[in-house]
2 protein chains.
Amino acid sequence: MNAEIIAIGSEMLSGERVDTNSLYLTRELNKLGVEVVTKCVIGDDRDRLSAQVRQSMGRSAILILSGGLGPTEDDVTRDAVAQALDRKLIFDTGIADWLAQRFAAAKRKMAEVNKRQAYVIQGADVLSNDRGTAPGQWLEESGAVAILLPGPPHELKSMFERHCLPRLARIVPKQAIRTLFLRVAGMGESDLDQLIAPVYKKYENPVTTILAAAGDIQIHLRARCSTEAEAEALLAEVGGPVELLLGDRIYSRNGDPLEVVVGELLRAMHATVSVAESATGGMLGERFTSVPGSSEYFTGGFITYNNAMKMELLGVSPETLAEHGAVSKETAEAMALGARRRTNSTYALSITGAAGPESGDEKVPKGTMYVGVADAAGTTSLRRQFLGDRQRVRTFAVQMALDLLRRRITGRP
Amino acid sequence: MNAEIIAIGSEMLSGERVDTNSLYLTRELNKLGVEVVTKCVIGDDRDRLSAQVRQSMGRSAILILSGGLGPTEDDVTRDAVAQALDRKLIFDTGIADWLAQRFAAAKRKMAEVNKRQAYVIQGADVLSNDRGTAPGQWLEESGAVAILLPGPPHELKSMFERHCLPRLARIVPKQAIRTLFLRVAGMGESDLDQLIAPVYKKYENPVTTILAAAGDIQIHLRARCSTEAEAEALLAEVGGPVELLLGDRIYSRNGDPLEVVVGELLRAMHATVSVAESATGGMLGERFTSVPGSSEYFTGGFITYNNAMKMELLGVSPETLAEHGAVSKETAEAMALGARRRTNSTYALSITGAAGPESGDEKVPKGTMYVGVADAAGTTSLRRQFLGDRQRVRTFAVQMALDLLRRRITGRP
């Protein structure tokens, strides 16, 4: 079963803004087993919208429209859909009364234009709005469904969940859908794909989606079958080998990001961590402390952006810096050691590198990052060279540091 | 003059990805004075795309298509546009030779499928691709233009700039467009709008766009006239009063973010800065060091996430913490003072606060942030309470700290 989505509003046709409601709607439709085949953004233009509605309803079983249900002249969705289907708009006194009550309760005067929101397309069911003043509408025509939803995301989501998901579930052919969601660190996208493609490429079902960010890959497998047992068996058949191939590079099976996973490990062990950052300038600390409650295990850290700071704040020796340079295994390890000693934390992580665009030389090319970890058992470090701009290289290094700690805590090489 | 944009590719119909080429194209078209009235994402389906092309070319002067020009069966754009306009596809030996040379130069064997990329729609001009293997196409039909561009953003941008902008400039009615771009800190969106709306609301031209992020508002004014002098005069007429009303809350007129503006002030004064961060955990340091070359003025910092670290690393006294609490004016100022003393920097900034969701109490409600600054002249601080989730509150505080330093350096209250 196919769906189309139309977002209405000239403000989404600028060079700065995108329609995000369609992402939420797509995820929900996919979960039901419905594929989105076209999506559009149309300005506040009745004729253009009307033509698009006619075209979409002629070829797809479900059409969802978001926005354009407000009280002003710019809000053309009701009119355009009525025109597309050649139906009348009918004044609904029930909605008008409800609107009047809402305004009275808020001790505000209802402007005359608000009555526009009480018009319903002939034959449509009204969908109540518990977050705003624009009611939605649900209507059917020659076997296709059109759903009119308000544009503000929190209004749209609430209405879609309360009214539309249950009704759609009755229309959509019964399917059982099971999803496997893995997050992987410490691997490039192409290496990962080369490793697991031989497994998942053989299957159109489950559908495999791979999303790669710097040092962080998400893998979604979505199996659709007629029974739950079949979907689970299918997911096991494909997901099992994928999990086996990736092994301990999988850090999360519930969507949690790496800083949450590492934080939970630290909390479970009643351990603490501190950081010493050069090239990343605080980004690793920022990641740790983005998690509410991280004060339980994150003690603090040092941003040592130049050599003087590395010596003064962390006790890195002038000889280490002179002999090996600021971007070196020795400096990374001395930084971790210094941070651990000065904060008394169980673990300390360090990052030093040449993030670019101007840093870097022959010995230490641009993109080279060292990550160090220190604990009671000793100190170790890793070196990697990353491609990309400054922010991307720094994000890679932070992910690498978090993953190094995850492996250290769980005793993986 | 109106334009429509169609992005082709099933991968942009998932719940995670959006088409971003259309944002770039919209900005460029707007600069020419062309408005985008509809944009669509269509999967790899020839008939659906063909119908959309016919509809769009029937009502808009410019249609830009991105993607679907690759060599595989999934790449349907050439076929769909030919079908929509009832034209033939013609094998272009020039393109075929160029493709063969490209592969030979890279010492790769050209697969037979790549020859698909040598087909040109009857009557179309070929647009060369200097970044990839898919040539673009430019064709006209009954006064409307269709432009086929490759999907990868760097290929699309290069081709659009080199081939399309000059040609479009010849087609589009001559207009002079002038833009004023302001960035503002230290004001909420609604306060700002209340202040300047009485000025800009009177004008449909220039078009005013306001984009708000946490603690950072961008204002664009775009004037379109038949001559440059008119456009400049109009922009001065509206932009002048807007600038006057906002005064020194405007920190940038060229798009530079606040960390770049502050960095340039520091560099110009041969001054340095250090940071002491509690609630933001490194986010302020990360912002400073996101700028290439920031090592010239950013010395380093301290992430003191608990009281012990505030005492040990920054020398905040136990009495200050006991008497006033970690989230207080006194602690913020002691942190800044400590950071300055221990790093010998010209300026030091500090941040302490209750970012939520669980922190905060009656005396210090959730969202309360203190920002301190220390220099040779003394120490001062500001308190604000921000609304929003943890990340938003932290971003507000970082912006507030950067703006406090900007004002301190430039001697503004």
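Residues numbered from 1 in each chain as written. Chains lettered and ligands numbered in written order. Predicted model: local features only at pLDDT ≥ 70, side-chain atom pairs only at ≥ 80, totals over all residues.

Caption draft 1: Here's a closer look at the sheet that holds strand β7 (residues 136-141) of chain A. Reading across the sheet, the 12 strands line up as β6(A)-β7(A)-β8(A)-β3(A)-β1(A)-β2(A)-β2(B)-β1(B)-β3(B)-β8(B)-β7(B)-β6(B) and stay open at both edges, with mixed pairing between neighbours. Here the strands that pair on one side only, and so sit at the sheet edges, are β6 (125-127) of chain A together with β6 (125-127) of chain B. Direction aside, neighbouring strands of the sheet carry axes that sit 15 degrees apart on average. The sheet contact formed by strand β1 (residues 2-8) of chain A and strand β3 (residues 62-66) of chain A spans 5 bridges and is parallel. Opposite Ala7(A), over in β3(A), you have Ser66(A) as the bridge partner. Helix α3 (residues 77-85) of chain B rests against β1 (2-8), β3 (62-66), β7 (136-141) and β8 (144-149) of chain B of the sheet, and its axis sits at about 165 degrees to β8(B). (Pairing = 2+ DSSP bridges. Helix = DSSP H or I, 4+ residues; strand = E, 2+ residues; numbered from the N terminus. Axes fitted to C-alpha atoms, helices over the stretch in contact; angles between N-to-C directions. Contact = placed C-beta atoms within 7 Å.)

Caption draft 2: Structural detail: the domain arrangement of chain A. Assigned domains within chain A: domain 1 (2-171), domain 2 (176-252) and domain 3 (258-409). Taken over C-alpha atoms, the centre of domain 1 of chain A sits 50 Å from the centre of domain 3 of chain A. (Domains from an automatic or database assignment.)

Caption draft 3: Quick look at the environment of Ala376(B). All names here are of chain B. Structurally, the position occupied by Ala 376 is in the loop between β16 (368-375) and β17 (378-385). For Ala 376, a count of 7 C-beta atoms within 10 Å gives the class exposed. Sequence separation between Ala 376 and Val 113 is 263 residues; the distance between their C-alpha atoms is 70 Å. (Buried ≥ 20, exposed ≤ 12 C-beta atoms within 10 Å, placed from the backbone.)

Caption draft 4: Representation of helix α8 (residues 258-268) of chain B. Residue and element names in this part refer to chain B. Looking only at α8, the buried set comprises Leu 258, Glu 259, Val 262, Gly 263 and Leu 266. Looking straight down α8, one finds that the buried residues subtend no more than 130 degrees of arc, so they occupy a single side. Close packing links the buried residues of α8 with β11 (216-225), β12 (250-252), β13 (273-277), α9 (283-289) and α13 (390-409). (Arc of directions from axis to C-beta.)

Caption draft 5: How the structure looks around the interface of chain A and chain B. Between chain A and chain B, the contact holds 52 residues from the first and 53 residues from the second. Only α1 (21-32), β2 (35-42), α2 (46-59), β10 (207-213), α9 (283-289), β14 (298-304), α10 (307-314) and α13 (390-409) of chain A provide two or more residues apiece to the side of chain A that touches chain B. When its residues are assigned to classes, the side of chain A that touches chain B shows 22 nonpolar, 22 polar and 8 charged. Pairing between β2(A) and strand β2 (residues 35-42) of chain B: 5 bridges, direction antiparallel. Bridge pairing in β2(B) links Ile42(A) to Thr38(B). (Nonpolar A, V, L, I, M, F, W, Y, C, P; charged D, E, K, R; others polar.)

Caption draft 6: Here's a closer look at the sheet that holds strand β10 (residues 207-213) of chain B. Residue and element names in this part refer to chain B. Ordered by their spatial adjacency, 4 strands build an open sheet running β10-β11-β9-β12, and the pairing between neighbours is antiparallel. The open sheet terminates on both sides in strands that have one partner only, identified here as β10 and β12. Strand-to-strand twist of the sheet, defined as the mean angle between neighbouring strand axes without regard to direction, takes the value 30 degrees. In the sheet, strand β9 (residues 176-184) pairs with β12 via 2 bridges, with the strands oriented antiparallel. Bridge pairing links Val 184 to Ile 250 in β12. Of the strands in this sheet, β9, β10 and β11 touch helix α6 (residues 189-200), which is tilted by about 175 degrees from β10.

Caption draft 7: Fine view of the packing of α2(A) against helix α3 (residues 77-84) of chain A. Residues and elements named next belong to chain A. Direction vectors running N to C along α2 and α3 enclose 50 degrees, while the axes themselves pass 8 Å from each other. Considered as vectors, α2 and α3 are oriented oblique to each other. At the point where α2 passes α3, the crossing takes the right-handed sense. Residues Arg 46, Leu 49, Ser 50, Val 53 and Arg 54 of α2 touch α3, and the partners they reach there are Thr 77, Asp 79, Ala 80, Val 81, Gln 83 and Ala 84. Of the residues in the contact of α2 with α3, the class split is 5 nonpolar, 3 polar and 3 charged. (Parallel < 35°, antiparallel > 145°, perpendicular 65-115°, else oblique. Left-handed = near helix turned anticlockwise from the far one by under 90°.)

Caption draft 8: Looking closely at the relation of the copies chain A and chain B. Once chain A is rotated about the relating axis by 180 degrees and shifted along it by 0.4 Å, it coincides with chain B to within an RMSD of 0.4 Å. Taken together, the rotation and translation relating the two chain copies correspond to the operation of a two-fold axis. A shared binding surface is used by both copies, with 100% of the interface residues of chain A retained as interface residues in chain B. (Least-squares fit on C-alpha atoms with pLDDT ≥ 70 in both.)

Caption draft 9: Representation of the nonpolar core. Among the nonpolar cores identified, the biggest contains 129 residues, and Leu349(A), Ala401(A), Leu349(B) and Ala401(B) are the most heavily contacted of them. Not counting residues up to four positions away in its chain, the partners in contact with Leu349(A) are Val273(A), Val275(A), Leu284(A), Ala336(A), Val371(A), Gly372(A), Val373(A), Ala401(A) and Leu405(A). Listed in part, the 88 residues of the second largest apolar core include Ala3(A), Ala124(A), Ala3(B) and Val34(B). (Core = buried A, V, L, I, M, F, W, Y, C linked by C-beta atoms within 7 Å.)

Caption draft 10: Broad picture of the pairing of β9(B). Note: β9(B) against β11(B), 9 bridges, orientation antiparallel. In the strand pairing of β11(B), Ala176(B) is matched with Cys225(B).

Caption draft 11: Spatial organisation of helix α7 (residues 228-246) of chain B. All names here are of chain B. For α7, spanning 19 residues, the distance from its first C-alpha to its last is 26 Å, which sits close to the expected 27 Å at 1.5 Å a residue. At Gly 239, α7 shows its strongest bend, of approximately 30 degrees, with the proline Pro 241 following within four residues. What α7 keeps buried is the set Ala 231, Leu 235, Val 238, Gly 239 and Val 242. Of the surrounding secondary structure, the elements contacted by the buried residues of α7 are β9, α6 and β11. Once α7 finishes, Gly 247 follows within two positions and takes phi at roughly 55 degrees, a positive value. (Expected span 1.5 Å × (residues − 1). Bend = angle between axes of the 7 residues up to and from the residue.)

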